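Working through the structure, step by step
What follows is the residue order along each chain.
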Amino acid sequence: MAVIQWFPGHMAKAIRQVEEKLPLVDIVFELVDARIPLSSRNPELKRLMKDKPHLIVMTKMDLADPEMTKKWIAYFKNEVGVRAIAIDSKANITVKNITKITESILADKLAHEEEKGLKERPIRAMTIGIPNVGKSTLLNRLVNRKVAQVGDTPGVTKGQQWLRSSKKLELLDTPGILWPKFEDPETGQKLALTGAIKDQRFASDDVALFAIKYFKQYHPHNLQERYHLSDDDMTLSDIDLLLTITKKVGMQEDYERASERLIQDTRKEKIGRYTLDTNFGSDSQHA
Ligand SMILES: Nc1nc2c(ncn2[C@@H]2O[C@H](COP(=O)(O)OP(=O)(O)OP(=O)(O)O)[C@@H](O)[C@H]2O)c(=O)[nH]1
């Protein structure tokens, strides 16, 4: 397959960083892309988390299929035993919602501390996630762009800071990215299509063909509408359909450039909202 897969060196470093910082935080915010909620997870996390409270934050919900997002939230809660929330980092409601759900997850721990007469303190959280999932955007949103260092804290190495979101929430500047380790070749194509893998690292026609296959199956009308495709066009093979789209967008025989256009169109919501992960729990690495 043309997509470069995972990077053992990067992953080992990220895992070390997460392991090191884990004792300093009350909760981990694991950011996943709402269009690929399983494929953007790292299966190593389950082992790392042990019994550390954990919230799955599904970013870019504005680009995902809203019905599927609801189902994924229920799936994470019921099947995986982890709470999940979907966010659009551009929306103001995001901060409020994350703080609220975090407080509810940690309610017992905080009540216990209060009973023991401990002083009220902010909740400490760490964000992790694959490249481009929206970590910086969320962090900036949570700290309202006024990045505030929250004093010296033992165990936090140089360059890593506590950022204050509110009196109630502090964040450890993200300790690193976590590449998913993927055994299913489709995972690579999903990561490529949604922008988690740099465009130079995959063959755009492979990924465009993957997108065509997906949209033909799940959102055929959106594909037809975007590229003025007839019902007959929709019966063509994926490759012939890509060639037809190439002509329709005025690129003659240049199917590579047309592939790039199609990939950009999917990312900019021009073929509608979509969720590429459609099989709940089918991925054994996350079971
Ligand atoms: N539509 C949409 N775009 C988002 C959202 N959150 C982030 N983005 C966009 O996604 C892209 C990547 O966001 P970043 O915050 O830089 O992602 P990151 O995880 O910090 O990326 P790395 O630094 O590569 O690890 C940017 O173009 C953001 O504007 C969201 O909720 N909705």
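Being a predicted model, the structure only gives us computed values, none of them experimental. (Residues numbered from 1 in each chain as written. Predicted model: local features only at pLDDT ≥ 70, side-chain atom pairs only at ≥ 80, totals over all residues. Heavy atoms only, no water.)

A word on the domain arrangement of the chain
Rules: As used throughout, domain bounds are those supplied by an automatic or database domain assignment.
For the chain, the domain assignment lists domain 1 (9-173) and domain 2 (203-267). Summarising the inter-unit geometry, the C-alpha centres of domain 1 and domain 2 are found 37 Å apart.

A word on the site of the ligand
Stated formally: Residues are counted as near a molecule or strand when any one of their heavy atoms sits within 4 Å of it. N or O atoms closer than or at 3.5 Å make up a polar contact, with two conditions inside protein: a donor-capable atom paired with an acceptor-capable one, and, for residues adjacent in sequence, both atoms drawn from side chains. Residue-level accessible areas treat just the shown protein chains as cover; the underlying method is Shrake-Rupley with a 1.4 Å probe. Nonpolar residues are Ala, Val, Leu, Ile, Met, Phe, Trp, Tyr, Cys and Pro. Charged residues are Asp, Glu, Lys and Arg, and all others, Gly as well, are polar.
Around the ligand there are 16 residues in total, and Asp-62, Ser-89, Lys-135, Ser-136 and Thr-137 lie nearest to it. The backbone of Ser-89 places a nitrogen or oxygen atom 2.8 Å from an oxygen atom of the ligand. Asn-132 places a main-chain nitrogen or oxygen 3.0 Å from an oxygen atom of the ligand. Starting from 660 Å² of accessible surface for the ligand in isolation, the protein chains cover 66%. Split into classes, the residues belonging to the shell around the ligand amount to six nonpolar, five polar and five charged.

Considering the pattern of salt bridges
Here is the rule: Salt bridges are defined as contacts in which a side-chain nitrogen from Lys or Arg sits within 4 Å of a carboxyl oxygen from Asp or Glu. Accessibility here uses a 1.4 Å probe with only protein chains present; expressed as a share of the type maximum, an area under 20% marks a residue as buried, one over 50% as exposed, and anything in between as partly exposed. A run of H or I in DSSP counts as a helix once it spans at least four residues, and a run of E counts as a strand once it spans at least two, with each numbered from the N terminus.
All chains considered together, the criterion is met by 19 salt bridges. Among the ionic pairs, Asp-33 bridges to Arg-35, the shortest N-O distance being 2.8 Å. Accessibility expressed as a relative area gives 4% for Asp-33, which makes it buried. Residues Glu-170 and Arg-124 are paired through a salt bridge, measuring 3.0 Å at the closest nitrogen-oxygen approach. Here Glu-170 is found in strand E6 (residues 169-172), whereas its partner Arg-124 is found in strand E4 (residues 123-129), with 46 residues between them in sequence. Given a relative accessible area of 22%, Arg-124 falls into the partly exposed group. Linked by salt bridges that have partners in common, Asp-26, Lys-109, Glu-113 and Arg-121 make up one network.

Regarding the packing of aromatic side chains
What counts is decided by this rule: When two rings of Phe, Tyr or Trp (its six-membered ring) have centres within 6.5 Å they constitute a pair, described as stacked for plane angles under 30 degrees, edge-to-face for angles over 60, and tilted for the intermediate range.
Evaluated as defined, the whole model comprises nine aromatic pairs. Look at Trp-72 and Tyr-75: their rings are 5.2 Å apart centre to centre, the planes differ by 85°, and that puts the pair in the edge-to-face class. Here the residue Trp-72 and the residue Tyr-75 both occupy positions in helix H3 (residues 66-80), the gap between them amounting to three residues, near one helical turn. Judged by its relative accessible area of 0%, Trp-72 is buried. The buried category is assigned to Tyr-75, whose relative accessible area is 8%. With 5.9 Å between their ring centres and 50° between their planes, Tyr-75 and Phe-280 make a pair best called tilted. Of this pair, Tyr-75 sits in helix H3 while Phe-280 sits in the segment after helix H11 (255-267); the two residues are 205 residues apart in sequence, bridging distant segments of the chain.

Some words on the side chain of Thr-275
Filter applied, for reference: Here, two residues are considered to be in contact whenever any of their heavy atoms come within 4.5 Å of each other.
Looking at the secondary structure, you find Thr-275 in the segment after H11. Within the structure, the side chain of Thr-275 is placed 3.1 Å from the backbone nitrogen of Asp-65, a separation counted as a polar contact. Not counting residues within four places of it along the chain, the set of residues in contact with Thr-275 comprises Ala-34, Arg-35, Pro-37, Ala-64, Asp-65, Met-68, Trp-72 and Tyr-214.

A closer look at helix H7 (residues 185-194)
Of all 10 residues making up H7, eight are buried, and the element is well covered by its neighbours. When H7 is considered as a whole, its buried residues turn out to be Thr-187, Gly-188, Gln-189, Lys-190, Leu-191, Ala-192, Leu-193 and Thr-194. Packed against the buried residues of H7 are strand E1 (27-33), helix H8 (204-218) and H11. For H7, the N-terminal capping position is held by Asp-184, with its side-chain oxygen 3.0 Å away from the main-chain nitrogen of Glu-186. Just past H7, the residue Gly-195 takes up positive phi, approximately 95°.

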